[in-house]
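Next come the chains, spelled out residue by residue.
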Amino acid sequence: FRLAAGSLAIDAGLDPNSTTFANLVGSSVASIRQALLTDLQGNPRPTPGTAVDIGAYEYGSISVIPASERAVLVNLYASTNGASWTIHSGWNSGVGTECSWFGVTCNAQGHVEGISLDGNGLTGTLPSLSGLTALQIFDVGNNQLTGSIPSLSGPTALLSINVGGNQLTGPI
């Protein structure tokens, strides 16, 4: 089990009062510490100082994907009628949440490495994927996509692509 970058899980891991915690979360440390040590009404939790695991901490830092990668994801959502997808949880949420969007996976360095939206009701055309240089898996099979398959010269790490079950044209 791996937490998405930027997610929080209360555990027996990192102390929210530690310097390491402060370095990981940067300028958000005060608001995150407050959220961890109090409930939604601001009451102290039963065990103040509860330790915390932070998503991507196992890799050494919390990653925010580059703006260029976010732009590709936002374009994908817009050009494929994302609001009508079967599942579109998290999509178009704030900066830093991209790795928790349904069907998106990121690597330890904070780059999008997988998009898996097979059979999810995507319609429309695929945008350029050139900004996703670390993309390894792209699965949009069994949707209602039309138009041409975008150039795959940008995602140089691509290992697997599934666009079958659509009405796409052109070479892969």
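Structural data are supplied above this passage.
Residues numbered from 1 in each chain as written. Predicted model: local features only at pLDDT ≥ 70, side-chain atom pairs only at ≥ 80, totals over all residues. Heavy atoms only, no water.

*Asks:* I tried to follow the sheet that holds strand β7 (residues 144–148) on my own but got confused; where do I start?
*Replies:* Two strands in a sheet stick together by hydrogen bonds in their backbones, pointing the same way (parallel) or opposite ways (antiparallel). Strand order across the open sheet formed by three strands is β5-β7-β9, with parallel pairing between neighbours. Where the open sheet ends on each side, the last strands, each with one partner, are β5 (123–124) and β9 (167–169). (Pairing = 2+ DSSP bridges. Helix = DSSP H or I, 4+ residues; strand = E, 2+ residues; numbered from the N terminus.)

*Asks:* Is there a simple way to think about the state of the cysteines in this case?
*Replies:* What is meant by a disulfide is a covalent connection between two cysteines, made through their sulfur atoms. Scanning the model with the defined rule gives one disulfide in all. One disulfide bridge connects cysteine 99 with cysteine 106, the sulfur atoms lying 2.0 Å from each other. Handedness here is read from the sign of the S-S torsion; for cysteine 99 and cysteine 106, about -95 degrees, the answer is left-handed. Its relative accessible area of 9% is what places cysteine 99 among the buried residues. By relative accessible area, which is 8% here, cysteine 106 ends up buried. (Disulfide = S-S within 2.5 Å. Buried < 20%, exposed > 50% of the residue type's maximum accessible area, 1.4 Å probe, protein only.)

*Asks:* Quick question: what am I supposed to make of the side chain of asparagine 120 here?
*Replies:* Structurally, asparagine 120 is set in the loop between β4 (112–116) and β5. With residues near it in sequence (within four places) discarded, asparagine 120 still touches Trp85, Thr86, Ile87, Phe102, Asn142 and Asn143. (Contact = heavy atoms within 4.5 Å.)

*Asks:* Help me out: how do you make sense of the environment of leucine 132 in this one?
*Replies:* Tracing the chain through its elements places leucine 132 in the loop between β5 and β6 (137–139). Taking the C-alpha atoms as reference, leucine 132 lies 9.5 Å from glycine 114; in sequence the two are 18 residues apart.

*Asks:* Hey, could you run me through the nonpolar core in this one?
*Replies:* In summary, soluble globular proteins display a tendency toward joint burial of nonpolar side chains. Among the nonpolar cores identified, the biggest contains 25 residues, and Leu73, Trp91, Val112, Ile115, Leu117, Phe138 and Val140 are the most heavily contacted of them. The set of elements that each furnish at least two residues to this core consists of α3 (67–79), β3 (104–106) and β4. Looking at this core element by element, the count peaks at four residues for α3. Discounting residues that sit within four places of it in the chain, isoleucine 115 has contacts with Leu73, Leu76, Gly103, Leu132, Leu135, Ile137, Phe138 and Asp139. (Core = buried A, V, L, I, M, F, W, Y, C linked by side-chain atoms within 4.5 Å.)

*Asks:* I would appreciate a short explanation of the packing of aromatic side chains in the present structure.
*Replies:* With the rule as written, the count across this model stands at four aromatic pairs. Ring geometry for tryptophan 85 against tryptophan 91: centres 4.9 Å apart, planes inclined by 80 degrees, an arrangement best described as edge-to-face. For tryptophan 91, a relative accessible area of 6% corresponds to the buried category. Centre to centre, the rings of tryptophan 91 and tryptophan 101 are 5.0 Å apart; their planes meet at 40 degrees, and the pair counts as tilted. With tryptophan 91 in the loop between α3 and β3 and tryptophan 101 in the loop between α3 and β3, this pair connects stretches of sequence that are ten residues apart. Through pairs of rings, three or more aromatic residues link up here, namely Tyr77, Trp85, Trp91 and Trp101. (Phe/Tyr/Trp six-rings, centres within 6.5 Å; stacked < 30°, edge-to-face > 60°.)

*Asks:* Sorry if this is basic, but what is going on with the pairing of β4 here?
*Replies:* Consecutive side chains along a regular strand alternate between the two faces of the sheet. For β4, the buried fraction is high: four of the five residues fall into the buried class. Pairing between β3 and β4: three bridges, direction antiparallel. Bridge assignment links valine 104 to a residue of β4, and that residue is isoleucine 115. Relative to β6, β4 runs parallel, the two being bridged by three bridges.

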